[in-house]
Amino acid sequence: MSSPVRTLLVWCPDWPVIAIEIVAGIPARAPVAVLHAGRVVACSPAARAAGVARGLRKREAQSRCPELVVTEHDPGRDARAFEPVVAAVEQVVAGVEVVRPGACALAVRGPARYFGSEQRAAERIVEQVAQECGVEAQAGVADGVFAAGLAARAGRIVPPGQTRVFLSGMDAHSLDRPELTGLLRRLGVRTLGEFAALPAGDVLTRFGFDAALAHRFAAGLDERPLAVRRPPLELAVEEDYEEPIERVDVAAFAARALAEQLHERLAGHGLACTRLRIEAVTAHGQELARSWRHDGLLSAAAITDRVRWQLEGWLTRKSGPTAGIWRLRLVPDGVVVHAGLQPGLWGESGGGRERAHRAFARVQGLLGPESVLAAVLRGGRSPGDQVRLVPWGDERVAEPAAPWPGQLPVPAPATVVPEPAPVAVYDAQDRPVTVNARLAISAAPARLAIEDAPPVEIAGWAGPWPVDERWWAPGEARRQARFQVGLVDGRALLLALSAGEWTVEAVYD
Amino acid sequence: MAALEVVAGSTGPVSLPGVRRASDLHEAVAAGGVDRLLPMTPELLPLLPAGGLRRGSTVSVTPGTSSLVPALLAGVSASGAWSAVVGMPSLGILAAAQAGVALERLALVPNPGPEWPAVVAALLDGVDVVVVATPGPVTGRVASRLSARARQRGGVLMPYGRWAGADLTLTAERGVWEGLGTGRGRLRHRELTITTRGRGAAGRPRSVRVQLPGPTGRLAAVSAASRPALTVIAGEAA
């Protein structure tokens, strides 16, 4: 059996309180308490001085310290705030394990040799954390992570082989297992040394596996190796150009090198990207960024093409950059594990699809990703509502079929006017036609005048077909009566009457 | 010169499968064989001298009947071809879907802006049919350049508007809607006549009477009862 690893543990006291100061800006000097499930889990020194302690109820804590600031416990916030601390420690030493937000451990053998002694290594790390993050930390060294944690609380460096002695005087509470320590207390076992003196086999049979693990900790036999954190991969590639790029062919050349570099880096990690963000900075400081989406996975050639089209679009556009590009950066988004790509045998995945997608991506390069659209059908009542346009390459989520009472009958109009045009509808006596709240029409429509054009006789009409949509949402509510109208000159229109105003919604042409 | 109007329908003498007039045969050979043809809805075949939409050709559609565009796209899209529509922000997509256009193979560029010729040229590289509604009149140079691009790439350029040098021009007269009464009924289908005029050997006008849209939204043949007898119409060379 291997002996426990010499471990240095960096501990930031009252981390949930410090995290609140970092994230929310509530000063940790003031009395602050963090609550979880109605009980205090952490508090600031000021609050502790006023009598607030862990485990108190909110009301009790507030009665002891009336000016107490109370916040809810958020493990995500603690972890986010701790990230810079870990990064600061990683600048000095390698191989850091985050034990929990507020504590990180590392094997001290290497740093101790590098800095001269364990003492100096601990001092250097605490100093680094204070300088980089402005966070107060304590360090402790012992054999094993559990003992190192207790040593850090005491701010001690336990000499090698002395860990068991150091632990034996500790209170059993430090195991952080309230149920077990309560039980041990009633059995008369108060310190870790007394607990460690119990036979290991009996502890396992009487108290179960978790207690057996705690028993090993208490005996200073914490031989679990450190789970060293791997720093997140840096996948983005960027390059600065001394001569700003003004011409498309130069840009294409630059893009090719950069794209291959990115692809190599991705392939080295066994990854592929499904989205690509191209960022460029011009010599005048303009920043241009655009994301490219792709159904399939982007190959090196595909990345090169996209970067080239992108730059062509920027450099040739009239409202384009005022100066050449001096920095290019490619950031892969939507990174997935590259499991190889199997082209389809039939249908859409053929060569025609590939060619068409390249053409669409080119136009997206010229005009922007939102310029080429794909249409998806969905539910709705008016012909415009039943179509959703998404940028080409975006996911097309099909909506489940549902009945839509009040949908217009088939065939649909071939022209849907984007901005409904106002129109005047008159009856045989040249009075405007209206529809009342009970959908009774004032008179049969006889003539229709679109904007300033002379009136045209109506040959046939049908309606009113009421629509009363989204009445529960004030900004989106729509209440109208629709009519199909055929004119004597052969035209057929879809009219809508809403709040007394007639409009042409669509043309059956 | 007078021409017979060709009537749509399976019993028409010319639309029998495998039967062609000698003049059609000549055009099909000139077009480079059947591989160079995009399939078309059977009802519209009598309009196309080559017996399909010839790859590399420019087929313009006279504005006024926008439902003709989805009807033509539906014919080619059923066979797996890709299409793009440039500069038609008001095209009824629902009508296109009802007409039979496969929306998963249709791309829309509603607002190409002043750079529309570059957009059309880029699309012709990879898309089988490109419909373009131009914002204004097209100069002869731009028109011939894009037509040449289509010829070179084997795509079909389908301008929705006047186009100098189009191989074929399709015009639909304003038809008659059925189904609308006074205060009742609904628009059910429309009957109209589509006419093509072309250049050179395709100069003889051809026309066909169809339901556009039919009762389901698709282009449909005119039912036997309402089909007119053969009529002689005045023809003129383009």
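See the structure above.
Residues numbered from 1 in each chain as written. Chains lettered and ligands numbered in written order. Predicted model: local features only at pLDDT ≥ 70, side-chain atom pairs only at ≥ 80, totals over all residues. Heavy atoms only, no water.

(A) Inspection of the overall build of chain B at higher detail. Along chain B, the regular secondary structure elements total five helices and 14 strands. Classification of the 238 residues of chain B by burial places 55% in the buried group. The contacts in chain B between residues at least 6 apart in sequence include a share of 64% that link residues at least 24 apart. (Helix = DSSP H or I, 4+ residues; strand = E, 2+ residues; numbered from the N terminus. Buried < 20%, exposed > 50% of the residue type's maximum accessible area, 1.4 Å probe, protein only. Contact = heavy atoms within 4.5 Å.)

(B) Broad picture of the overall build of chain A. Of the regular secondary structure elements, chain A holds 15 helices and 19 strands. Within chain A, buried positions represent 44% of all 509 residues. Counting contacts in chain A only where the partners sit at least 6 residues apart, residues at least 24 apart contribute 55% of the total. Accessible surface computed for chain A: about 26300 Å², of which carbon and sulfur atoms make up 53%. (Areas by Shrake-Rupley, 256 points an atom, 1.4 Å probe, with all protein chains shown as cover.)

(C) Expanded view of the layout of surface pockets. All names here are of chain A. As a volume, the largest pocket reaches approximately 1200 Å³. Contributing to the lining of the largest pocket are 38 residues, with Trp 11, Arg 54, Arg 100, Arg 153 and Asp 176 lying nearest its centre. Contributing elements (two or more residues each) for the lining of the largest pocket: strand E1 (6-11), helix H1 (15-24), strand E3 (39-43), helix H4 (75-92), strand E5 (96-100), helix H7 (145-154) and helix H9 (178-186). Per-element tally for the lining of the largest pocket: the top contributor is H7, with five residues. Residue composition of the lining of the largest pocket, by class: 20 nonpolar, eight polar and 10 charged. (1 Å grid on protein atoms, 1.4 Å probe; cavity = no way out; pocket = protein on both sides within 12 Å on 5 of 7 lines; lining within 4 Å. Points joined across faces, edges and corners; volume = space filled by probe spheres on them. Nonpolar A, V, L, I, M, F, W, Y, C, P; charged D, E, K, R; others polar.)

(D) Main features of unusual backbone geometry. Cis geometry is adopted by the peptide bond preceding Pro411(A), which originates at Val410(A) and carries an omega value of 0°. In this structure, Pro213(B) follows Leu212(B) across a cis peptide bond, with omega equal to -10°. Here Pro213(B) is to be found in the loop between strand E12 (206-211) and strand E13 (220-221).

(E) Main features of the packing of aromatic side chains. The tally for this structure, following the rule as stated, stands at 10 aromatic pairs over all chains. Pairing Trp471(A) with Trp472(A) gives two aromatic rings, centres 5.2 Å apart and planes at 90°, and the pair type is edge-to-face. For the pair Trp471(A) and Trp472(A), a shared accessibility class is recorded, and that class is exposed. Members of the aromatic cluster, each reached through a chain of ring pairs, are Phe360(A), Trp392(A) and Trp82(B). (Phe/Tyr/Trp six-rings, centres within 6.5 Å; stacked < 30°, edge-to-face > 60°.)

(F) Molecular detail of empty space enclosed by the protein. Residue and element names in this part refer to chain B. Within this structure, the stated rule accounts for seven cavities of 30 Å³ or more. Its boundaries defined by the atoms lining it, the largest cavity holds a volume of some 110 Å³. Those elements that provide at least two residues to the lining of the largest cavity are helix H2 (68-77) and helix H3 (93-99). The biggest single contributor to the lining of the largest cavity is H3, with three residues. Residue composition of the lining of the largest cavity, by class: 11 nonpolar, three polar and two charged.

(G) The arrangement of the side chain of Asp509(A) in detail. Within the secondary structure, Asp509(A) sits in the segment after strand E19 (501-507). There is no salt bridge for the buried Asp509(A), and the closest opposite charge comes from Arg190(B), which lies 6.1 Å off by N-O distance. In this structure the side chain of Asp509(A) is engaged in a polar contact, spanning 2.9 Å, whose partner is the side chain of Thr415(A). (Lys, Arg positive; Asp, Glu negative; His and termini not counted. Salt bridge = Lys/Arg side-chain N within 4 Å of Asp/Glu carboxyl O. Polar contact = N/O pair within 3.5 Å; in protein donor to acceptor, adjacent residues only side chain to side chain.)

(H) Looking closely at the nonpolar core. Residue and element names in this part refer to chain B. Formed by 46 residues in total, the largest nonpolar core has its most connected members in Leu 53 and Ile 194. Sort the elements by how many residues they give to this core and H2 lands first, with seven residues. If we skip the residues at most four places from it in the chain, Ile 194 touches Leu 44, Leu 47, Leu 68, Leu 170, Thr 171, Ala 172, Arg 206, Ser 207, Val 208, Val 210 and Leu 212. Judged by nonpolar contacts, the second largest core, of 31 residues, contains Val 86, Ala 121, Ala 122 and Leu 124. (Core = buried A, V, L, I, M, F, W, Y, C linked by side-chain atoms within 4.5 Å.)

(I) Main features of the state of the cysteines. Taken as a whole, this structure holds zero disulfides over all chains when the rule is applied. The thiol of Cys12(A) is not disulfide-bonded; the next cysteine sulfur, from Cys104(A), is found 7.1 Å away. (Disulfide = S-S within 2.5 Å.)

(J) Structural context of the sheet that holds E5(A). Residues and elements named next belong to chain A. Spatially, the four strands line up as an open sheet ordered E5-E6-E1-E7, and their pairing is antiparallel. Bordering the open sheet on either side are E5 and strand E7 (138-143), each of which pairs with just one other strand. Adjacent strand axes in the sheet meet at a mean angle of 25°, parallel and antiparallel pairs treated alike. On top of the sheet, H4 reaches E5 and strand E6 (103-107); it is set at about 150° to E5, its chief contact. Where H7 meets the sheet, its contacts fall on E1, E5, E6 and E7, and the angle it forms with E7 comes to roughly 145°. (Pairing = 2+ DSSP bridges. Axes fitted to C-alpha atoms, helices over the stretch in contact; angles between N-to-C directions.)

(K) Highlighting the pattern of salt bridges. Residue and element names in this part refer to chain A. The tally for this structure, following the rule as stated, stands at 27 salt bridges over all chains. A salt bridge links Arg 431 to Asp 427, with the nearest nitrogen and oxygen atoms 3.3 Å apart. Look at Arg 431 and you get partly exposed, because its relative accessible area is 47%. What makes Asp 427 buried here is its relative accessible area of 2%. Beyond isolated ion pairs, a larger network of salt bridges with shared partners links Glu 238, Arg 277, Glu 279 and Arg 329.

Taken by themselves, the reported measurements are silent on function.
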